[in-house]
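Commentary on secondary and tertiary structure
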Amino acid sequence: MYDSGVIRNSCTYENKIIGMPISLYISTLYSNYKLLSKYNKEIPRTWDELIDIGKYIWNEEQKLNNNNLIIYNGLFDESDFGVLSIYEFINSFRDSNSSPYPEVRSKQTENALKTLKRLKEEIGSDSIFLKSYEETLSLINNGNAIFTKYWYRNYNKNYKVTSIPGWKRGVSGSIVNSYNAGINMHISEKKKKAAAEVLKYLSSKEAQKKYIIPNNYFSGISSLYDDEEVCSMIDCDVAKGAEPFSTMMFKSEFYERELYISKTQEYIYDYLYYNKSLSEIIKKIDNMTKFYTFSIQTDDNTNAGIIIFIMYWVILFAIIINIPFLLLKSFKDQFKILPTLFWMFKIFGIILTLSSVLTLFDDVTQFKCKLKIALIIYGLYFNLLPIIFFLITNFPIENCIFIWIKCHKNIFIFISFIVTAFLNTLLFLSSYKIKDIIVIDGENYKQCNTYATYGTCLLYLILSFSIIIIFGILLLLFLEWNLKETSKDIKYLLGSIFTTIFFFIIYIIFYNFKIKNYIFYNILLALMIFIYSISNFMFTFGIRIILKFTKIKSDDFNEEEFLKKNEEFNKHALSYVTSNNISIKSNHDNTINNNNIGKISNYSNNMGSNDTSSNNNSSINIGSNTINNNNNNNNNNGNSHLNSKKVSGSLIGNLNLSNISRKASNISLKLISIHNKYSKD
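None of these values were measured; they are calculated from a predicted model.

Procedures and definitions
Residues numbered from 1 in each chain as written. Predicted model: local features only at pLDDT ≥ 70, side-chain atom pairs only at ≥ 80, totals over all residues. Heavy atoms only, no water. Phe/Tyr/Trp six-rings, centres within 6.5 Å; stacked < 30°, edge-to-face > 60°. Helix = DSSP H or I, 4+ residues; strand = E, 2+ residues; numbered from the N terminus. Buried < 20%, exposed > 50% of the residue type's maximum accessible area, 1.4 Å probe, protein only. Lys NZ or Arg CZ within 6 Å of the ring centre and 35° of its normal. Salt bridge = Lys/Arg side-chain N within 4 Å of Asp/Glu carboxyl O. Core = buried A, V, L, I, M, F, W, Y, C linked by side-chain atoms within 4.5 Å. Contact = heavy atoms within 4.5 Å. Disulfide = S-S within 2.5 Å. Pairing = 2+ DSSP bridges. Expected span 1.5 Å × (residues − 1). pLDDT = per-residue confidence, 0-100.

**So, the packing of aromatic side chains**
- What the rule picks out here adds up to 44 aromatic pairs.
- Both rings, one in F503 and one in Y507, keep their centres 5.6 Å apart while their planes meet at 40°; by these two values the pair is tilted. Note that F503 and Y507 are positioned in helix α20 (residues 487-511) at a spacing of four residues, about one turn of the helix. The two residues F503 and Y507 agree in class, both being buried.
- Over the aromatic face of Y56 sits the side chain of K41, whose NZ or CZ is 4.5 Å from the ring centroid.
- Of note, K117 hangs over the ring of Y271, and the distance from its end group to the ring centre comes to 4.5 Å.

**Overview of the pattern of salt bridges**
- Scanning the entire structure with this criterion turns up 23 salt bridges.
- Between K209 and E229 there is a salt bridge; the shortest N-O distance is 2.9 Å. Placement of K209 in helix α9 (residues 205-212) and of E229 in helix α10 (residues 228-233) is noted, with a sequence separation of 20 residues between them.
- Under the relative-accessibility criterion, E229 is labelled partly exposed at 46%.
- A salt bridge links D226 to K240; its shortest N-O distance comes to 3.3 Å. In this pair, D226 is assigned in the loop between α9 and α10 and K240 in helix α11 (residues 236-242), connecting sequence segments 14 residues apart.
- Classification of K240 as partly exposed rests on a relative accessible area of 38%.

**Considering the nonpolar core**
- One finds Y72, F76, F129, F218, F245 and I281 to be the most contacted residues of the largest nonpolar core, which totals 81 residues.
- Counting residues per element, this core draws most heavily on helix α12 (residues 257-274), which supplies eight residues.
- Not counting residues up to four positions away in its chain, the partners in contact with I281 are L113, Y267, I268, D270, Y271 and K276.

**Structural notes on the state of the cysteines**
- With the rule as written, the count across this model stands at two disulfides.
- Disulfide partner of C231: C236, at an S-S distance of 2.1 Å. Around the S-S axis, the bridge from C231 to C236 shows a dihedral of about -110° and counts as left-handed.
- Owing to a relative accessible area of 30%, C231 belongs among the partly exposed residues under this scheme.

**Topic: the pairing of strand β3 (residues 20-32)**
- Burial of β3 is extensive: twelve of the 13 residues sit out of reach of the surface.
- With six bridges connecting them, β3 and strand β7 (residues 176-181) associate as antiparallel partners. The residue of β7 that forms the bridge with S23 is Y179.
- As paired strands, β3 and strand β6 (residues 159-163) are joined by five bridges and run antiparallel to one another. Opposite T28, over in β6, you have S163 as the bridge partner.

**Quick word on the side chain of T359**
- Among the structural elements, T359 can be located in the loop between α15 (340-355) and α16 (366-394).
- Non-local contacts of T359, meaning those with residues more than four positions away in its chain, are made with K368, L371 and K372.

**Brief notes about helix α18 (residues 409-429)**
- Across its 21 residues, α18 extends 30 Å between first and last C-alpha, which sits within 8% of the 30 Å expected from 1.5 Å per residue.
- When we look at burial in α18, the residues that qualify are F412, I413, S416, T420, A421, L423, N424 and L427.
- On its buried face, α18 is in contact with α15, α16, α17 (400-407), β9 (445-451) and α19 (453-479).

**Notes on the side chain of T115**
- As for its position among the elements, T115 is in helix α5 (residues 107-123).
- With residues up to four places along the chain from it excluded, the contact list for T115 reads W47, F89 and F93.

**Points about unusual backbone geometry**
- Omega for the bond connecting E243 with P244 falls within 30 degrees of zero, at -10°, which places this linkage in the cis form.
- In this structure, N65 takes a positive phi of about 65° despite not being glycine.
- Relative to the elements of secondary structure, N65 occurs in the loop between α3 (47-63) and β4 (70-73).
- Backbone geometry places L75, a non-glycine residue, at a positive phi of 60°.

**A few points about the confidence of the model for the protein**
- Across the protein, the average pLDDT comes to 80, with 80% of residues at 70 or higher.
- Confidence over residues 552-557 falls short of pLDDT 50; this stretch has 13 contacts with residues more than four positions distant or in other chains.
- Scored below 50 in pLDDT, residues 677-681 makes six contacts in the model with residues more than four places away or belonging to other chains.

Okay, structure coming up:
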């Protein structure tokens, strides 16, 4: 019996009818019938007709010096009437009266706002459109408006009241406002029954016809407008032109209704009165009706999503293509500190953490939020497990627990994984809260917030357990810091642990800040995960491959062993030099027995081939050299002869091997230079 649109939109709460519409107001167009008749014009049914007819009559009246006349006052003031005028104008651009209210980003809304601005600029002005409802009533009473709009009433017999025009004939923008009556649920049953009888009577056809219609109110009962008696008391064409009735409904699911309405009015007025971009104000209104998501699509004129997505696959590919180095024999010495299985664990943990980036894309759901945390926790487990195993097996002091772990590696892995999986499963099954980030004048988005009470306790338990393990690792790193065999590995692992600690500190701090830009929020989170994953990979895996390719050795220089070999070399070199006489001619034809030098060179080469792990620069210092010259002068022939020259000395070497392959040749050349120096002296 009653109009379904009125019942659904005005009398329903949570899908329950809570009242009945006793009477209706309908927004209408007031047309100056006196002026229309004067110029033989019809009442406009479309906005284009209103503009053309209004311009014609106004121009003709200007010729008669009727300067007080305005063409159209749309009642777009700062009050609630302005909100109603906006809503009904957009409503007038529906495809038909049965069509739903146009979406914000629809072509109908865009055309409606363009037409509204056209009306203001062609047949109105800022001051005319901003007139209050009191001034509007004054215009109607004085007859100084060709067209204006207001609620249905018989204010002036010179005006004909009709439904609001539309973008085409047969479509109206008129809105109804209902006065509803309901029953208080907190009264006694007896009073409820009595109130129900009263409400039943007031909503009946008989009461509506007898008490509502005669007072210039409309009824929600559509069949009454086919009754001649009713139509004699009220203009039924107004109701029929607006049927099925539309009510003002705003999409404000997560905005406060008052805030949403005021912001919508503010944005549209920015376009109407302050010439803001239409696309800009439509986007702002649309922002209040939706949550934005981080996506690989570029609908919102940003490429951030696709860039992050590509970065993920590039980093993942870079990690995966390095895995075969674990299986190459030439790289075995770089990865000898751990079994291949544990290296695979570490890489798998890095990939799990890296893959948590994928949960940032598209709609934020409980499943995605919990999956992201699960991937990070599992990633942390597979990242720390190899470090723990290495430190335990490398620990120099015997310990029953450590010995058991060394001997039962697989059982240790199985137990630790079961504990982690059990806690993570319980955490995943707990409920999760998603937080709505409402950004005034911006883009709303959803954010993973926290678990319910029991889930929060589990999360804190897992975090506490992880912190204890990390501190244990730091303690073992400290105790094993001075072990020369693994000193560089210890430093690499320390870098990995510090990266993990830093990541989780920043991650926790990050969640306590409210970031208003959803793109910036997701980019920061993704970059944090990228940096953590790359740093972890480089500290524990990548640096070993780089060192191998650049031929930089990772073992420490054994100084004691080198000094021992150097001393042995000095003794052999001295024996070769002092056991042979080296002749020097006065005409500077200075020579050294090549056989002796060759022997020294051969010996030094043998030493060089046995010591290829050193990487220091080489030098030879010669000291405490004594040159004994015995000269016999022959006064008879004036010729002097050098009878003999013995060279004795001790060679003290301090060799730093930066280029071991040229050691022998350097030593040989040094011996020659020493001989020449002393022969000249």
